[in-house]
There are 2 protein chains.
Amino acid sequence: MEDTNSRHTEKMRKIKAARDRMMQTKTEERGLIIVHTGTGKGKSSSGFGMIMRCIAHQMPCAVVQFIKGARATGERDFLQKHFPDACKFVVSGEGFTWETQDRERDIAAARNGWEQAKALILDPEVQFVLLDEINIALRNDYLEIDEVVDFLQTQKPLMTHVALTGRNAKPELIEAADLVTEMTLVKHPFRDGIKAQKGVEF
Amino acid sequence: MEDTNSRHTEKMRKIKAARDRMMQTKTEERGLIIVHTGTGKGKSSSGFGMIMRCIAHQMPCAVVQFIKGARATGERDFLQKHFPDACKFVVSGEGFTWETQDRERDIAAARNGWEQAKALILDPEVQFVLLDEINIALRNDYLEIDEVVDFLQTQKPLMTHVALTGRNAKPELIEAADLVTEMTLVKHPFRDGIKAQKGVEF
């Protein structure tokens, strides 16, 4: 056991040295274009986890909620109640497309959200902007992907982070992004007749 | 365009009807075993996004942070400062394994974390428990997977949610879980020399 432990210590010492050398090459800081996509859970909630981190670090931040606007969500109630100054919150969506059943209204809502998103991204005070479910608006062609990517690449302030969530992220966005995670569904309780539950899903 | 819109409305009406029928079959509520794994980003942050939702819904919740304990994180500062009553926060880890370089101490820290985790899960007041990075402790055999799975399956109160995060989740845990998401790395800015940044990664 003593031997196992000392071998462990030696191995970890080497890993740490290698890691320290690697980390020394990671010196740049800049605002990232972050994409969370895929059919699994956690795309929006990890966006809100980053918002929590920003508030903790006193980095002014903002959320524009596309699509999901009609229904109250825990994260919106939470931020609007406790942190209205630290995190600006814009609701542009009016619900899932199958709920509004009105393409013109969906497009108008998405455009309105995008206009507000651009203003927040350009705001020099704001350091992190979460565009929640914007990928759905892009996928449905409520917004033009070229316009969004061009804006992020040419007008986003260097140090501002922008996170874009939603399944079916367009390839052009993935190409333009710095950090892309695909949330993959491995197992979902819906299959067993379990409904969406507060705390977990909204 | 008028035609496109009316076709859209009709299509969405059908989708909503099918969806409503499907949702009617989802009637059960119960506490879930939730796993976030994979090498991508968002495993911990989506756990903290769910904590935000729980606080919003006034569901008492708790976090036990395995492994990542040594370094201050935004989410820990945030919860300890703003919501010490709504969310109990236990730090058991003393850092990544390559930092502590002491297997015995890592094991003791993990065991201590697990003992506190069990007490929180059994606490009838607590409705959601996040075991952050516990998969690392399980992977390193600091904790026994059979013991953890057996406890979750036989002693977790029916309505309590437990979320377990960290890469390399053990197959036994995935088998036992209700909701499993794999965060898959598609693109990471480390490759371009960008370092971990506040708000995004801690």
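Identification of chain A as Corrinoid adenosyltransferase from Pseudorhodobacter turbinis is taken from an unreviewed UniProt entry. Per UniProt, chain A carries the Function (unreviewed entry) text "Required for both de novo synthesis of the corrin ring for the assimilation of exogenous corrinoids. Participates in the adenosylation of a variety of incomplete and complete corrinoids."

## Quick word on the overall build of chain A
Scanning chain A from terminus to terminus reveals eight helices and six strands. Along its sequence from the N terminus, chain A presents helices and strands in the succession α-β-α-β-α-β-α-α-β-α-α-β-α-β. Looking at chain A as a whole, 55% of its 202 residues qualify as buried. Within chain A, counting contacts between residues at least 6 apart in sequence, those at least 24 apart form 79% of the total. Total accessible area on chain A is roughly 8800 Å²; 48% of this is exposed by carbon and sulfur atoms.

## Considering the side chain of Asn-135 of chain B
Residues and elements named next belong to chain B. With respect to the secondary-structure elements, Asn-135 resides in helix 6 (residues 134-139). Judged by its relative accessible area of 1%, Asn-135 is buried. A polar side-chain atom of Asn-135 sits 2.8 Å from the main-chain carbonyl oxygen of Gly-166. The residues contacting Asn-135, other than those within four sequence positions of it, are Val-35, His-36, Thr-37, Leu-164, Thr-165, Gly-166, Arg-167, Asn-168, Ala-169 and Leu-173.

## Examining the pattern of salt bridges
Pairing between side chains of opposite charge can happen when their charged atoms approach one another. All names here are of chain A. Considering all chains together, one arrives at 22 salt bridges over all chains under this definition. A salt bridge links Arg-30 to Asp-178; the shortest N-O distance between them is 2.8 Å. Residue Arg-30 is located in the loop between helix 1 (2-24) and strand 1 (33-37), and its partner Asp-178 is located in the loop between helix 8 (171-176) and strand 6 (179-187); the two are separated by 148 residues in the primary sequence. For the pair shown, Arg-30 and Asp-178 are each scored as buried.

## Details of helix 3 (residues 74-82) of chain A
In an α-helix, one full turn covers 3.6 residues, which means residues spaced three or four apart are oriented alike. Within helix 3 of chain A, the full set of buried residues consists of Gly-74, Glu-75, Arg-76, Phe-78 and Leu-79 of chain A. Next to the buried residues of helix 3 of chain A lie helix 2 (43-56), strand 2 (61-65) and strand 3 (87-91) of chain A together with helix 2 (43-56) and helix 3 (74-82) of chain B.

## Some points on a negative patch on the surface
All names here are of chain A. Among the surface-exposed residues, Glu-144, Asp-146, Asp-150 and Glu-172 lie close enough to one another that they form a single negatively charged patch. Within the secondary structure, Asp-150 sits in helix 7 (residues 145-154). Look at Asp-150 and you get partly exposed, because its relative accessible area is 42%.

## Description of the relation of the copies chain A and chain B
Take chain A, turn it by 180°, move it 0.0 Å along the axis, and it overlays chain B with an RMSD of 0.0 Å. Those values place the two copies in the arrangement expected of a two-fold rotation axis. Of every C-alpha in chain A, the one belonging to Ser-46 of chain A sits nearest the axis of rotation, 1.7 Å from it. Interface overlap between copies: 100% of the residues of chain A at the interface are likewise at the interface in chain B, consistent with a symmetric, same-surface contact.

## As for the interface of chain A and chain B
Residue-level contacts link 80 residues of chain A with 80 residues of chain B. Summing the contributions of chain A and of chain B, the shared interface buries around 7300 Å²; its carbon and sulfur component is 63%. Applying the counting rule to chain A against chain B returns four salt bridges. Between Arg-53 of chain B and Glu-75 of chain A there is a salt bridge; the shortest N-O distance is 2.8 Å. On the surface where chain A and chain B come into contact, there are 22 residue pairs in polar contact (both at pLDDT 80 or more). Of all elements in the fold, only helix 1, helix 2, helix 3, helix 4 (97-100), helix 5 (103-122), helix 8 and strand 6 of chain A reach the threshold of two or more residues within the side of chain A that touches chain B. Of the residues assigned to the side of chain A that touches chain B, the class counts are 32 nonpolar, 24 polar and 24 charged. Both strand 6 of chain A and strand 6 (residues 179-187) of chain B contribute to a ladder of seven bridges, which runs antiparallel. Bridge pairing links Glu-182 of chain A to Thr-184 of chain B in strand 6 of chain B.

Conventions we followed
- Residues numbered from 1 in each chain as written.
- Chains lettered and ligands numbered in written order.
- Predicted model: local features only at pLDDT ≥ 70, side-chain atom pairs only at ≥ 80, totals over all residues.
- Heavy atoms only, no water.
- UniProt positions renumbered as here; feature names shortened; annotations may be inferred.
- Helix = DSSP H or I, 4+ residues; strand = E, 2+ residues; numbered from the N terminus.
- Buried < 20%, exposed > 50% of the residue type's maximum accessible area, 1.4 Å probe, protein only.
- Contact = heavy atoms within 4.5 Å.
- Areas by Shrake-Rupley, 256 points an atom, 1.4 Å probe, with all protein chains shown as cover.
- Polar contact = N/O pair within 3.5 Å; in protein donor to acceptor, adjacent residues only side chain to side chain.
- Salt bridge = Lys/Arg side-chain N within 4 Å of Asp/Glu carboxyl O.
- Patch = residues over 30% accessible without salt bridge, like charges linked within 9 Å, V, L, I, M, F, W, Y side chains within 5 Å.
- Lys, Arg positive; Asp, Glu negative; His and termini not counted.
- Charge placed at Lys NZ, Arg CZ, Asp CG, Glu CD.
- Least-squares fit on C-alpha atoms with pLDDT ≥ 70 in both.
- Buried area = accessible area lost by both parts, 1.4 Å probe.
- Nonpolar A, V, L, I, M, F, W, Y, C, P; charged D, E, K, R; others polar.
- Pairing = 2+ DSSP bridges.

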